[in-house]
Every structure is written in C-alpha cells, then in structure tokens.
Amino acid sequence: MRKSRSMSLSRRNFLIHAAAWTAAPFLPASAFAQSAYPTRPIPKTGEQLPIVGLGSTKAVLQLPERGTAGFKLLLRTLLDGGGTVVDTWSRDASLDKLTGEALQANGMVKDLFLATKVDAKGAEAGREILARTRRLFGKTSDLIQVISLRDLETQWPILKEWKEASKARYIGATVSSDRQHEDMMQFMRGERPDFIQVNYSVVETQAETGVLPLAADLGIAVLVNRPFMNGGYFSRVRGVALPEWAAEFDCHSWAQFSLKYILAHPAVTCVLTETTKPKHLRENLGAAYGRFPDVKTKHRMREEMQFI
Ligand SMILES: NC(=O)c1ccc[n+]([C@@H]2O[C@H](COP(=O)([O-])OP(=O)(O)OC[C@H]3O[C@@H](n4cnc5c(N)ncnc54)[C@H](OP(=O)(O)O)[C@@H]3O)[C@@H](O)[C@H]2O)c1
C-alpha cells in the first residue's frame, strides 16, 4: 500500500515538473527536481558534464535586434532541462555586454559551464578579448578555446598563462571543418589540451577515423559542433519519414537521429546544438536519454543518410 502511494506521488511530481518546464520556463531549476541528467567525465579531472549543450552563435547575433529576453529563456530552458554547457565567443564590446547581461540574469551564469573562445591575431588583441570576456560575461570562463586553431602559436601560450593564473579552468582549441583535422591532431599530440572541439555528425563522419580515437587515447575531452551542419541537415531530411527502426534506440525525431549517432561515440563528452528555439533545445536535450545505437546500427544510419 505504502509503496503504491509513493509511486503515484513520484509520478505526480514528474508530471508537475514536466508541465512546469513546458509552461513556466523561468522558474528556478531547483523547483523541478529533475531526475539526473546524463553526464560524462572530463578525462583530466573527472568533473561530470551534461552530454548535450547549447551553441549560442545564432541567439547571440540576434541580441542587438531582438533584445536579451529570447536568449535568457534559452539559457533557462537549458538549465531546467539538466544542461549546463554553453559555447560562445567574444565579438565586440557592445555585443559582449548584451551576452553578459543575458548570462548573468537571475544568477544563471554561476550554474553554467561557460565555454568561450579567443578569435584574434596577435598577442595584444588576444589578451584584450580575454580580459573583455572575463569582465563582461561575469565569470571566469570554465573553458577557453583558440577558435579554428587561428593564430595558435601566439594564442595558445597566452591561454596556458591564463590557466596557470586561474583565469580559465580548462583550455583547448576548435575546428569545424574536415580540412583542419590533421592540424588539430598535430596540436593534440604536441600540447595535450584539456579539451578539443570538432565537427562530427551522421553526415560528417571523418572525426571517427582520426580526431576522436586520438582524443580517447590521449584523455582529451571532446565538444562536438555542427551536429546539424548548421541547419543543412534539416533541409536534407525535410519531408522524409524517420525510419521506424530509430525507435529501437529511443530516437523520436531527425534531430535526435544525428545527436544519438554522435553521442554513441565514447570519446564524445558533449555535443553542442545551436538553436534559437526553446522547443528545439528541449528536443535536443532529450536525445541524451535512453539507448544509443550500436556499431551495426550506426552503419545502417550512415547508409540511410546516403539515400537522402
Ligand atoms: N570554429 C568553431 O569554433 C565553431 C564553428 C561552428 C560551430 N561552432 C559551435 O558549435 C555550435 C553548433 O553550431 P553549428 O553551426 O554547428 O549548428 P548546428 O547545431 O549544426 O545547426 C544549427 C541549426 O539547426 C537548427 N536546429 C537546431 N535544433 C533543431 C531541432 N531540434 N529541430 C530543427 N532545427 C533545429 C537551428 O535552427 P533553429 O534556431 O530554428 O532551431 C539552426 O539553424 C555553434 O553555436 C558554436 O557554438 C564552433
């Protein structure tokens, strides 16, 4: 008797939280008592990271025109859904000010894992960006990355200095095109960064044969970008029915089809999905739950994409 009462209460709580998450996204995350969101460890420290994060490029670029409300709602949705990882980067002082305002709203920034980037040529420009980000984003970045390996010889030693001075918790570098994978692997072997970021998806699979196995060997955390080829993936699958066998690995949409393909790789720590829409972010966060495809199924998924 007692058992069935407690089961019905927890089901009721679940329904209340689920409804509240949909209907009142500004409520504090603690109000929802989400069941544990899936995480993976950062290899160098063991710190756990939620396995789906938010790429903020589009949302941030819309700030001057649309104001900060939409971006704040996205961040709230991320936190309420169990995520913490936000990838962003400094553009200029006025946009960084707006980004920082959204990040700091209701103290959200302290609950986020904030990944930023340096996009600069020359030491002075690099240091200026780092200082501005630190001042305007309201927190020491959890991760600072050299964007697209740009001016790596100059920027990487600066990031090492910043980490030694406790002005960054982790450091790394990004690429987003297959052409840069060789250079990324050279950097990984030489410098053993804490993190790397790389393009990888059910369509862009090259990382499987180089960057991802190397990251696993060297104990480097991996953020994945371009899970949807910056939207090109959705143009490709538009009007195509999701294969029925996708349900075998708890996949309910084309977005989850690519995300589950990515998350099935054991070297992946977190996949960044860029969106401006809370509804899409919830769907993307949902890909972390349930089963992932095995090697044979991943092969079938790649084949499926060849005919679309
Ligand atoms: N060199 C670098 O460092 C680098 C380069 C590229 C990207 N990145 C990082 O990676 C992040 C990911 O960006 P990406 O460019 O690779 O984009 P992406 O995540 O591959 O695709 C984003 C596009 O997919 C759409 N979308 C997202 N979720 C959806 C869903 N559930 N259903 C339907 N459409 C959906 C978005 O539109 P809606 O807004 O309509 O949802 C947007 O147009 C970036 O924000 C950035 O943080 C880094």
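Above this note sits the structure.
The sections below set out a description of the structure shown in this document. (Residues numbered from 1 in each chain as written. Predicted model: local features only at pLDDT ≥ 70, side-chain atom pairs only at ≥ 80, totals over all residues.)

1. A closer look at the nonpolar core
Counting 80 residues, the largest nonpolar core has Leu75, Ile196, Val198, Val222, Val224 and Val271 as the members making the most contacts within it. When sequence neighbours within four positions are dropped, the list of residues in contact with Leu75 reads Val86, Ala102, Leu103 and Met108. (Core = buried A, V, L, I, M, F, W, Y, C linked by C-beta atoms within 7 Å. Buried ≥ 20, exposed ≤ 12 C-beta atoms within 10 Å, placed from the backbone. Contact = placed C-beta atoms within 7 Å.)

2. Points about the packing of helix α6 (residues 123–137) against helix α7 (residues 152–164)
Between α6 and α7, the least distance of the axes is 9 Å, while the angle of their chain directions is 40°. Of the possible angle classes, the one that applies to α6 and α7 is oblique. Crossing of α6 over α7 shows right-handed handedness. Residue-level inspection shows Ala123, Gly126, Arg127 and Leu130 of α6 in contact with α7, the latter providing Thr154, Gln155, Ile158 and Trp162. Taken together, the residues of the contact of α6 with α7 sort by class into four nonpolar, three polar and one charged. (Axes fitted to C-alpha atoms, helices over the stretch in contact; angles between N-to-C directions. Helix = DSSP H or I, 4+ residues; strand = E, 2+ residues; numbered from the N terminus. Parallel < 35°, antiparallel > 145°, perpendicular 65-115°, else oblique. Left-handed = near helix turned anticlockwise from the far one by under 90°. Nonpolar A, V, L, I, M, F, W, Y, C, P; charged D, E, K, R; others polar.)

3. Side note on the site of the ligand
In the region of the ligand, 29 residues are neighbours, and Gly55, Thr174, Ser176, Asn225 and Gly231 sit closest. Counting residues per element, the ones that place at least two in the shell around the ligand are α2 (57–61), β10 (270–274) and α12 (278–286). (Near = placed C-beta within 6 Å.)

4. Quick look at the sheet that holds strand β7 (residues 168–174)
One closed barrel accounts for eight strands, arranged β3-β4-β5-β6-β7-β8-β9-β10; its pairing is parallel. On average, each strand axis in the sheet is tilted by 30° relative to the strand beside it, whichever way the strands run. Two elements, strand β8 (residues 195–199) and strand β9 (residues 221–225), share five bridges in a ladder whose sense is parallel. Counted as the bridge partner of Asn199 is Asn225 from β9. (Pairing = 2+ DSSP bridges.)

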